[in-house]
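Here's the letter readout for the chains.
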Amino acid sequence: MSLLSLEGVSRVYATRRGLFGTPVPVRAVDHISFSVAPGRTLGIVGESGCGKSTTGRVALGIERPSEGTVSFEGAAMPTPGTPEWRRLRARLQLVYQDPLGAMDRRLTVAAQVAEPLEIHGIGDKAERQDRVAALLRDVGLRADLAQRHPHELSGGQRQRAVLARALATDPALLVADEPVSALDVSIQAQVINMLTDLQEARGIAMLFISHDLKVVRQVSHEVAVMYLGRIVEQGDPEAIFADPLHPYSRALVSAIPVPGPRRIERIVLSGDPPNPADRPSGCAFHPRCALATASCRAEVPQLKPAADGRQVACHLVEAA
Ligand code: SF4
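To keep things clear, this report deals only with the structure shown in the data block. (Residues numbered from 1 in each chain as written. Predicted model: local features only at pLDDT ≥ 70, side-chain atom pairs only at ≥ 80, totals over all residues. Heavy atoms only, no water.)

## Observations concerning the site of the ligand
Right, so step 1: The environment of the ligand is made up of His246, Pro247, Cys283, Phe285, His286, Cys289, Ala292, Cys296, Pro301, Cys314, His315 and Leu316.
Right, so step 2: Split by residue class, the shell around the ligand holds nine nonpolar, three polar and no charged. (Near = heavy atom within 4 Å. Nonpolar A, V, L, I, M, F, W, Y, C, P; charged D, E, K, R; others polar.)

Structure, rendered in structure tokens:
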């Protein structure tokens with residue numbers, strides 16, 4: 001049974017064109033559906049502005065979907081701010097990209113990790129101290145760092161402290177939004193290994209959001225590639241990396257540095273993703289797609305089953 005499920009979810013914001021322009025609806029997330037089972041990781045990948053972070057906030061219930069439903073353990077996500085939602089929040093945690101921004105600079109590491117336990121009334125003072133010490137050990141932080149402040153830690157140590165805080169309430173779901181992109185490559189590997197080990201040991205489901213397809217491949221059981229608010233390809237990471245079917249996935253995979261001869265010729269995408277407030281007609285990728293045809297400009301491709309159990313939204317990909 002899935003732990004988290006999104007069905008036909010959209011998130012629409014109203015934005016103005018110019019200072020006095022009339023508000024226009026912007027679909028940051030547009031009719032996406034997926035589910036994540038306990039202990040599994042869904043990687044969400046795409047360029048900046050594709051809607052992946054909004055998807056994470058909607059999945060956590062921090063933002064309400066404008067359309068569709070978000071369910072957790074088979075029940076509809078409660079309205080943010082209600083007592084039901086606050087109770088559930090202990091089981092849904094977010095790990096941010098910027099650990100320094102996510103931490104309170106005035107509090108020690110131990111105080112920050114203890115904070116969610118206090119907020120949710122978990123344990124007495126002695127039990128909380130024991131739990132904080134165990135969490136710091138679990139994320140590989142030395143005991144003497146517990147009384148340090150965030151600015152006294154390295155970037156990797158800060159991200160470990162943020163993870164210890166996220167794990168304090170024994171969450172069932174972690175949304176990790178670009179959790180290692182601010183770290184050096186050598187530290188990235190250590191934090192990712194630690195994160196996946198802890199996830200496996202505790203059976204936590206994870207939404208791993210990143211622009212870095214290489215990192216997403218390492219951690220994910222399933223991958224969803226997003227473009228301008230929509231999922232354009234979804235399925236097994238190894239199948240997507242070996243033979244990406246959507247032209248956008250193909251361009252992303254082709255950009256990953258690989259040793260030796262390339263299996264997929266490098267595809268350089270021209271221009272930036274279009275403005276979501278001015279969405280291109282038909283397939284939103286058509287202005288950047290070398291394969292676009294007249295029907296691509298007229299009809300929105302829907303996700304449909306393709307090879308290897310994947311789902312792909314492209315007029316040129318044959319349905320399985
Ligand atoms: Fe390219 Fe057309 Fe497929 Fe869109 S539907 S990705 S424009 S070929």
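The rest of the description comes next.
## Digging into the packing of aromatic side chains
Right, so step 1: Under the criterion given, the structure shown has three aromatic pairs.
Right, so step 2: One aromatic cluster is present, built from ring pairs that chain together Tyr227, Tyr248 and Phe285. (Phe/Tyr/Trp six-rings, centres within 6.5 Å; stacked < 30°, edge-to-face > 60°.)

## Let's talk about the side chain of Arg310
Right, so step 1: Mapped onto the elements, Arg310 comes out in the loop between strand 11 (304–305) and strand 12 (311–312).
Right, so step 2: At 2.7 Å, the side chain of Arg310 and the backbone oxygen of Asp243 are in polar contact.
Right, so step 3: Within polar-contact distance, the side chain of Arg310 engages the side chain of Asp308 at 2.8 Å. (Helix = DSSP H or I, 4+ residues; strand = E, 2+ residues; numbered from the N terminus. Polar contact = N/O pair within 3.5 Å; in protein donor to acceptor, adjacent residues only side chain to side chain.)

## A word on the pairing of strand 7 (residues 173–177)
Right, so step 1: Taken across its five residues, strand 7 has five buried, putting it largely inside the fold.
Right, so step 2: Neither face of strand 7 is left uncovered, since the one carrying Leu173, Val175 and Asp177 and the one carrying Leu174 and Ala176 both have all their residues buried.
Right, so step 3: Pairing between strand 6 (residues 92–95) and strand 7: four bridges, direction parallel. Looking at strand 7, one finds that Val95 is bridged to Ala176.
Right, so step 4: Where strand 7 and strand 8 (residues 205–210) come together, five bridges link them in parallel fashion. Its bridge partner being in strand 8, Asp177 is matched across the sheet by Ile209. (Buried < 20%, exposed > 50% of the residue type's maximum accessible area, 1.4 Å probe, protein only. Pairing = 2+ DSSP bridges.)

## What to know about the environment of Arg142
Right, so step 1: The residue Arg142 is located in the loop between helix 5 (125–138) and helix 6 (155–167) in this model.
Right, so step 2: Arg142 sits in the partly exposed class, given a relative accessible area of 46%.
Right, so step 3: Considering only alpha carbons, one finds Arg142 and Gln157, 15 residues apart in sequence, at a separation of 9.5 Å.
Right, so step 4: Those residues in contact with Arg142, other than ones at most four positions away along the chain, are Arg148 and Gln157.
Right, so step 5: Here the side chain of Arg142 touches Asp144 through a polar contact of 2.9 Å, side chain to side chain. (Contact = heavy atoms within 4.5 Å.)

These figures come from the coordinates and say nothing about function on their own.
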